[in-house]
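Analysis of the macromolecular model
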Amino acid sequence: MQPTRHPRVALLQTRWREDPEENLRQATDMLESLEEGTHLAVLPEFFLGPPFYFPGRQHLQGVVDHPIPDPVFDRLGAIARRKGCWIICGSVIERTDDGTYYNTAVVLDDTGAIVAKVRKVHLFSAEFVALRAGEEAVVLDTPFGRLGICVCSDFWIQEMPRLLALKGAEIIAVPAAALRNNLPATKPCVLSTAVLNAADVLYVGSIGKVSGERGGRTVTIDLAGHSTVATPEGIVAELDEEEAVLYADLDLEGLRQLREIDFSFQKTLYFGLHGRRPELYERLLKHADGVSDLGPVLGDYFRRRLKETFESSSARE
C-alpha cells in the first residue's frame, strides 16, 4: 500500500445471525464487496455473534471464542491481501492457552499479517467475571496515518481516546456494540470525542438482540448499529440500523492543520491538545469521590448473586 494522507475507510455494520459461521460468512462477503481504493475496513465488536457471557448464550463457550492466530484470521487475512487494505477485525473473544479470555480487536495489514492484538482495557458487565482486561492503549503507524483503537466500552472512558490522541493517534477506531438505550447519547459523544481530541473517529456497531435468564429474570441485550464517522468539523457519514458498508474519505492533512495553533484565533479545535495543563491532573489517577472500583462490585454481583463464573481462569482469580 502506498502512503496516503487521504485514506478511504469502510465501516461494516453487520447483523447477527444465529449461527456464528453465518456471521463470519456475512462479514467476509461484505469485505469482498469493498470498493477499490479502500485503505481501512473496520468490523464491529462481536462480529461473529454474541459472546458466551451474554444472557442465554453460555452454550457458545468454545464456539465463538478463538485463539490468535486462528483460521478465522487466516480467512480475513486472505481478503486483506486480495483487497490491499488493512482490516480491524472488530472484536472477538480471544482464548489463550491457559484458558483466559480477552475481548480483542485483531488488526491485519494489507499483506494479511496480524500486526496487533488490541485487548479491551475497560471491561463492562459480565466481562468482569468472564474476561481479563487488557493493559495497553495501542497506537499503530500505518500507511494512512497513526491509528488508535478503543474496543467498545474503552470509548466511554474518555481518558482512553484522550490517551490515544496524546500518543499521536489521528484516527480513533471504535469497534462497538451500541446499546439501543444509549442511542440518544452515542452520536453526540462520537462527535464530541472527535472535536475534543482533534481526531477522526470511526464508530462501528453491530445490530442484534439476544435474551436469556439472569438472576431469575429475563434480560435482553439490544444492539442498534448507528455506525458513525466524525471529524473535528462534524459528522461526515452515518447509518441507522441497516446492514451496510459505510464509506468515508478522510483528510489527514486537513486534520494536521486543525491541530496547529491558529494565531488568528478563529478556530479553536487545536485547543483540546495544546491548551492542557497536565501538572493539574494528578486527581485523574484516582477514583471520583464516593465511587469505588467497579471490578470487585460487579465481580461479587455476578459470582455470588447470579452464580455466573463461566469457569475461566481469570474468573477464578
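Above this note sits the structure.
So, here is what we can say about the structure in this document. (Residues numbered from 1 in each chain as written. Predicted model: local features only at pLDDT ≥ 70, side-chain atom pairs only at ≥ 80, totals over all residues. Heavy atoms only, no water.)

**Concerning the environment of histidine 226**
Put simply, the test is: Under the scheme used here, helices are H or I runs from DSSP no shorter than 4 residues and strands are E runs no shorter than 2 residues, and both carry numbers assigned from the N terminus. Only protein chains enter the accessibility calculation, which uses a 1.4 Å probe; a residue is then buried when its area is under 20% of its type maximum, exposed when over 50%, and partly exposed in between. Contacts were defined at the residue level, with two residues in contact if any of their heavy atoms lie within 4.5 Å. The definition of a polar contact used here is a pair of N or O atoms within 3.5 Å, where within protein one atom must be able to donate a hydrogen and the other to accept one, and adjacent residues in sequence count solely through side-chain atom pairs.
Considering the arrangement of structural elements, one finds histidine 226 in the loop between β12 (217–224) and β13 (228–231). On the basis of relative accessibility, which here comes to 14%, the residue histidine 226 falls in the buried class. Sequence-wise, histidine 226 and asparagine 197 are 29 residues apart; in three dimensions their C-alpha atoms are separated by 21 Å. For histidine 226, the contacting residues outside a window of four places in its chain are Gln13, Leu183, Lys187, Tyr203, Leu239, Asp240 and Glu241. For histidine 226, the side chain forms a polar contact with the main-chain oxygen of alanine 224, separated by 2.8 Å.

**Considerations on the environment of proline 143**
You can see proline 143 is positioned in the loop between β7 (139–142) and β8 (145–149). Residue classification places proline 143 among the partly exposed positions, given a relative accessible area of 22%. For the pair proline 143 and leucine 179, spaced 36 residues apart in sequence, the C-alpha to C-alpha distance is 33 Å.

**Overview of helix α2 (residues 71–83)**
Cut-off, in case you're wondering: One less than the residue count of a helix, multiplied by 1.5 Å, gives the span that helix is expected to have.
End to end, α2 covers 18 Å across 13 residues, agreeing with the expected 18 Å (1.5 Å per residue, within 8%). Looking only at α2, the buried set comprises Val72, Phe73, Leu76, Gly77, Ala78, Ile79 and Ala80. Those residues of α2 hidden inside the fold are in contact with α1 (20–32), β3 (65–66), β4 (86–95), β5 (101–108) and β6 (114–119). Where α2 begins, one side-chain oxygen reaches toward the backbone nitrogen of valine 72, 3.0 Å away; that side chain belongs to aspartate 70.

**Notes on the pattern of salt bridges**
The criterion, for reference: In what follows, salt bridge is the name for a side-chain nitrogen of Lys or Arg lying within 4 Å of a carboxyl oxygen of Asp or Glu.
Inspection of every chain in the model, using the stated rule, returns 23 salt bridges. Between aspartate 141 and arginine 146 there is a salt bridge, and its shortest N-O distance comes to 2.7 Å. For arginine 146, a relative accessible area of 27% translates into the label partly exposed. Notably, a salt bridge pairs glutamate 238 with lysine 187, separated by 2.8 Å at the nearest N-O pair. You can see glutamate 238 sitting in strand β14 (residues 234–238) and its partner lysine 187 sitting in helix α5 (residues 183–197), a full 51 residues away along the chain. What makes glutamate 238 partly exposed here is its relative accessible area of 44%.

**Quick notes on helix α4 (residues 159–166)**
Basically, it comes down to this: Throughout, the arc means the angular range of directions from the helix axis out to the C-beta atoms.
Of all the positions in α4, only Met160, Pro161, Leu164 and Ala165 are classed as buried. Angularly, the buried residues of α4 cover 140° about the axis, an arc narrow enough to put them on a single face. For α4, the elements touching its buried residues are β7, β8, β9 (171–176), α5 and α7 (271–274). Looking one or two places after α4, you find glycine 168, whose phi comes out positive at around 105°.

**Examining the sheet that holds β8**
Definition in use: In this description, strands pair whenever DSSP reports at least two bridges between them. With axes taken as lines fitted to C-alpha atoms, and helix axes fitted only over the stretch in contact, angles between N-to-C directions fall between 0 and 180 degrees.
In space, the six strands of this open sheet follow the order β7-β8-β9-β10-β13-β14, with mixed pairing throughout. Looking at which strands have only one partner, the edges of the open sheet turn out to be β7 and β14. Averaged over all pairs of adjacent strands, the angle between strand axes in this sheet comes to 20°, irrespective of strand direction. Direction of pairing for β9 relative to strand β10 (residues 200–205): parallel, over a ladder of six bridges. Looking across to β10, one finds that isoleucine 171 is bridged to aspartate 200. Across the sheet, α5 touches β10, β13 and β14, and the angle it forms with β13 is around 30°.

Honestly, that's just the spatial picture; any functional story needs more than this.
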